[in-house]
Amino acid sequence: QVQLVESGGGLVQAGGSLRLSCAASGRTFSSYAMGWFRQAPGKEREFVAAISWSGGSTYYADSVKGRFTISRDNAKNTVYLQMNSLKPEDTAVYYCAAAWEVVAGTEGYDYWGQGTQVTVSS
C-alpha cells in the first residue's frame, strides 16, 4: 500500500514556473515507477510524465516535452515535477500515481494522490 500526497500547486502567470512534489508513504516507494497526470475541467485525465523506479528512464507527453522535468529522490520518498514556461493550457489538477512498471499512459497505475491545482493566468 502506498499513500501519495501532492503539493506545490498554485497560481502563476504564463511563462512562470512551479515545482510540484509528491510525497509517498511506505517502505516500498523505491520499487514503484511514478507518474504525473493532469485533468482540466471538462476533459479526461491525461498523462504528463513518468519515471522508472531508479530514475534512469523518463517519459513525457509531447505537450510538455522540453518544459517539464520529472525526477525522484528515493531517500526522501518523493517525486517531483518541475514545470517551466507554463502556459494557460497547463491549467489543471495535477495528480501523481504509482505503478509497478513505468507506463507512459494513464493505465496501470495502482495508487493515486488527491491532486493539486495549478492555474496559469494569461
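Within any chain, residue numbers begin from 1 and follow the written order of that chain's sequence. Local features are withheld for residues below a pLDDT of 70 in this predicted model, meaning they are given only at 70 or higher, and side-chain atom pairs are given and counted only at 80 or more; totals for whole chains, interfaces and linings count all residues. Only hydrogens and water are set aside when side-chain values are computed; all heavy atoms of the structure are taken into account.

Undergrad: What is the right way to look at the pairing of strand β8 (residues 78-83) in this model?
TA: It is a general feature of regular strands that their side chains alternate between the two faces of the sheet. Counting buried residues along β8, 5 of its 6 residues qualify, which places the element largely inside the surrounding structure. As judged from the 6 bridges shared by strand β3 (residues 18-24) and β8, these two strands associate in the antiparallel manner. When the sheet's bridge partners are listed, L18 is paired in β8 with M83. Whether two strands pair comes down to DSSP finding at least two bridges between them. Only runs of H or I of at least four residues qualify as helices and only runs of E of at least two qualify as strands under DSSP, and these elements are numbered from the N terminus. Two elements, strand β7 (residues 68-73) and β8, share 6 bridges in a ladder whose sense is antiparallel. Its bridge partner being in β8, F68 is matched across the sheet by M83. The loop that links β7 with its antiparallel partner β8 comprises 4 residues; one of these, N77, has a positive phi angle of about 50°. Residue burial is assigned from relative accessible area. The probe radius is 1.4 Å, only protein chains are included, and a residue is buried under 20% of its type maximum, exposed over 50%, and partly exposed in between.

Undergrad: I tried to follow the sheet that holds β8 on my own but got confused; where do I start?
TA: Two pairing modes exist for strands in a sheet, parallel and antiparallel, and in both the strands are linked by backbone hydrogen bonds. A sheet is described by the order of its strands in space; here 4 strands give the open sequence β1-β3-β8-β7, paired in antiparallel fashion. Looking at strand neighbours, the two that pair on one side only are β1 (4-7) and β7, the edges of this open sheet. Across this sheet, the average inter-strand angle for adjacent strands is 15°, counted without regard to direction. Relative to β3, β1 runs antiparallel, the two sharing 4 bridges. Bridge assignment links E6 to a residue of β3, and that residue is C22. As a rule, the C-alpha atoms of each element are fitted with a line to give its axis, helices using only the stretch in contact, and angles between N-to-C directions run from 0 to 180 degrees.

Undergrad: Would you mind going over the packing of aromatic side chains with me for this structure?
TA: Where two aromatic rings form a pair, the distance of their centres and the angle of their planes describe that pair. Side-chain rings of Phe, Tyr and Trp (the six-membered ring for Trp) are treated as a pair once their centres are within 6.5 Å; stacked means planes under 30 degrees apart, edge-to-face means over 60, and tilted covers the remaining angles. A complete count under the given rule lists 6 aromatic pairs for this structure. Between Y32 and Y111, the ring centres sit 5.9 Å apart and the planes meet at 80°, which makes this aromatic pair edge-to-face. Taken as a pair, Y32 in the loop between β3 and β4 (33-39) and Y111 in strand β10 (residues 111-112) lie far apart in primary sequence, 79 residues in all. Under the relative-accessibility criterion, Y32 is labelled buried at 2%. Its end group placed over the ring of Y95, R45 keeps NZ or CZ at 4.0 Å from the ring centre. Here, a charge over a ring is recorded when the distance from Lys NZ or Arg CZ to the ring centre is within 6 Å and its angle to the ring normal is within 35 degrees. The ring of W112 has R45 sitting right over it, with the charged end atom 4.5 Å from the ring centre.

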